[in-house]
Structure formats: structure tokens, C-alpha cells
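Each chain, letter by letter, is given below.
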Amino acid sequence: MCISDRYQRRVRGDGNIRYYEIVDEDPYAHFLTQFSSPQPQLGVAPFSKRQCDVKNCEIMKALKITSYQIQPLSFTVPRTRREFFQDDLFPNTVSGKPVVSSSEWFDGKDGSIEYISLKPTNMKLLSEAPKEERVVKVVNQQEEIKATSKEDVLQSYYATMLQKKGEGNTSDNVQGCDDDEWDD
């Protein structure tokens, strides 16, 4: 996810800013969250992505302009592993340095855009971080389940559910049917 994969819906006269994640698969747009305010906005002025606080997963900074004030806004993505650089949120971005002078541009010269990484030198990439072991608390029990995948969590819940019904664990009580029963 990166800010280029997001769409912010800002309507003049509305106090809300809604943002969506845009993906390549149907349904293409997923509502993420919204900023709500009773004061209608006349406009929103976003800052450069280079101004975002990447350590706090801030994906956008902006100024909201109302009829009587300018209000700073900050949009963040909730993440649990903030000690790592969220490289899925912050791909390389435009450096902001000019690639040609104005006279070169008027002469028709083009340059190639320079990109920079927003990764602080003291942070490691989230994509290279070790898998985090999740601890899931089972409702109405003191027992904790340690899981590394969604399938582990679902299997643990299923096994717990069967044990609560007094049916034992899943591997001991799977009942099949004889081959001749399939013929009916």
C-alpha cells in the first residue's frame, strides 16, 4: 500500500475526508477510514510525501482550509510493528530535485526523475523482518493460542470448539462412512 494506491475524496463544503485503497482486482476500491469535522472545507493542500513521519506510519500530511482557519491534518495507518520501516506503505518517491534547468526545459531537454527512499538509516525493512508469532486469546478461556498463520488460528478455534462440546480433539473423532454407503 502506498499513497499512490489511495484515493482521497474531498468535497468542497463537506467537513469529511474519506480515503480508499485502490487495487487491481474487483471491487477495485476499498473504503479505509475518514476524517470527520463539523467545519466544511474550502480546500485541502497536501504536503510532499517526504514530509511524512514514516516511523509513525503517517501516509499523508495536509492543511485543511476552512473559512476562518487553516488546520494541519495527519493521516496514519495503524500498524503493530512500527520498529520496522513499512516498505509496503512507502515505496521510493520523487526526490524533489530539478532534473533540468528552466533554460534546458525551454530548449526541449528532458531529464530522468530522481527517486529516493524514505527509509531511515536505523530501521530495518518490514518485508525482511522475522515472522511475528501472534498470540490469540480464546474467548471464555484462560488458555492462549500461539499461531503463525490464519490457518493455525482457525484450526485452534475449531479444536477448542469441539473440545467444549465434549467431542474430544479433531483427529480422534473423525467418522467416515463405509465404501458401500456411497452407493445409496
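Visitor: Explanation requested: the overall build of the protein chain in the structure shown.
Guide: Helix and strand counts for the protein chain stand at 2 helices and 12 strands. Each helix and strand of the protein chain, ordered N terminal to C terminal, gives the series β-β-β-β-β-β-β-β-α-β-β-β-β-α. When contacts within the protein chain are restricted to residue pairs at least 6 apart in sequence, those whose partners lie at least 24 apart make up 43%. Element-wise, carbon and sulfur atoms account for 49% of the exposed surface of the protein chain, whose accessible area totals about 13300 Å².

Visitor: How should I be thinking about the pattern of salt bridges in this particular structure?
Guide: Once their charged atoms are close, side chains differing in charge can pair, the charge on each being opposite to the other. Per the counting criterion, the structure on display carries 3 salt bridges. A salt bridge links Asp88 to Arg79; its shortest N-O distance comes to 2.9 Å. Given the relative accessible area of 33%, Asp88 is considered partly exposed. Among the ionic pairs, Lys109 bridges to Glu104, the shortest N-O distance being 3.8 Å. Residue Glu104 is classed as partly exposed on the basis of its relative accessible area of 30%.

Visitor: Quick question: what am I supposed to make of the sheet that holds strand S6 (residues 70–76) here?
Guide: Backbone-to-backbone hydrogen bonds pair the strands of a sheet. The strands run either parallel or antiparallel. Strand order in this open sheet of 3 strands is S4-S5-S6, and the pairing throughout is antiparallel. In this open sheet, the two edge strands, each paired with only one partner strand, are strand S4 (43–46) and S6. The average angle at which neighbouring strand axes cross in this sheet is 30 degrees, direction not considered. Both strand S5 (residues 58–65) and S6 contribute to a ladder of 7 bridges, which runs antiparallel. Bridging from a neighbouring strand, Met60 pairs with Phe75 of S6.

Visitor: I keep staring at the packing of aromatic side chains and nothing clicks. Help me out?
Guide: For any pair of aromatic rings, the description rests on two quantities: the centre-to-centre distance and the angle between the ring planes. Applying the stated criterion across every chain, the model contains 3 aromatic pairs. Consider the rings of Tyr20 and Phe31, whose centres lie 5.6 Å apart with planes at 70 degrees: the pair is edge-to-face. In this pair, Tyr20 sits in strand S2 (residues 17–22) while Phe31 sits in strand S3 (residues 29–35), placing the two residues 11 residues apart along the sequence. Residue classification places Phe31 among the partly exposed positions, given a relative accessible area of 47%.

Visitor: Would you take a moment to explain a nonpolar patch on the surface for this structure?
Guide: Side chains of Leu42, Ile65 and Ile70 sit close together on the surface and give an oily, nonpolar patch of about 270 Å² of accessible area. Assessed through its relative accessible area of 58%, Ile70 is described here as exposed.

Visitor: Can you walk me through the pairing of S3 in this structure?
Guide: For a regular strand, side chains alternate in direction, first toward one face of the sheet and then toward the other. Sheet topology note: the S2/S3 ladder contains 6 bridges and is antiparallel. Considered in S3, the bridge of Tyr19 is made with Thr33. Between S2 and S3, which pair antiparallel in sequence order, lie 6 residues; one of them, Tyr28, sits at a positive phi of approximately 70 degrees.

Visitor: Sorry, what's going on with the side chain of Lys64 here?
Guide: Note that Lys64 resides in strand S5. For Lys64, a relative accessible area of 0% gives the class buried. Within polar-contact distance, the side chain of Lys64 engages the side chain of Ser37 at 3.0 Å. What Lys64 contacts, discounting residues up to four positions off in sequence, is Gly15, Phe35, Ser37, Gln39, Pro40, Gln41, Gly43, Gln69, Ile70, Gln71 and Leu73.

Visitor: Just checking my understanding: could you explain the environment of Phe47 for this structure?
Guide: For Phe47, the position within the fold is in the loop between S4 and S5. We classify Phe47 as partly exposed; its relative accessible area is 40%. Separated by 14 residues in sequence, Phe47 and Lys61 have C-alpha atoms that sit 5.5 Å apart. Not counting residues within four places of it along the chain, the set of residues in contact with Phe47 comprises Lys61, Ala62 and Leu63.

Calculation criteria
Residues numbered from 1 in each chain as written. Predicted model: local features only at pLDDT ≥ 70, side-chain atom pairs only at ≥ 80, totals over all residues. Heavy atoms only, no water. Helix = DSSP H or I, 4+ residues; strand = E, 2+ residues; numbered from the N terminus. Contact = heavy atoms within 4.5 Å. Areas by Shrake-Rupley, 256 points an atom, 1.4 Å probe, with all protein chains shown as cover. Salt bridge = Lys/Arg side-chain N within 4 Å of Asp/Glu carboxyl O. Buried < 20%, exposed > 50% of the residue type's maximum accessible area, 1.4 Å probe, protein only. Pairing = 2+ DSSP bridges. Axes fitted to C-alpha atoms, helices over the stretch in contact; angles between N-to-C directions. Phe/Tyr/Trp six-rings, centres within 6.5 Å; stacked < 30°, edge-to-face > 60°. Patch = residues over 30% accessible without salt bridge, like charges linked within 9 Å, V, L, I, M, F, W, Y side chains within 5 Å. Polar contact = N/O pair within 3.5 Å; in protein donor to acceptor, adjacent residues only side chain to side chain.

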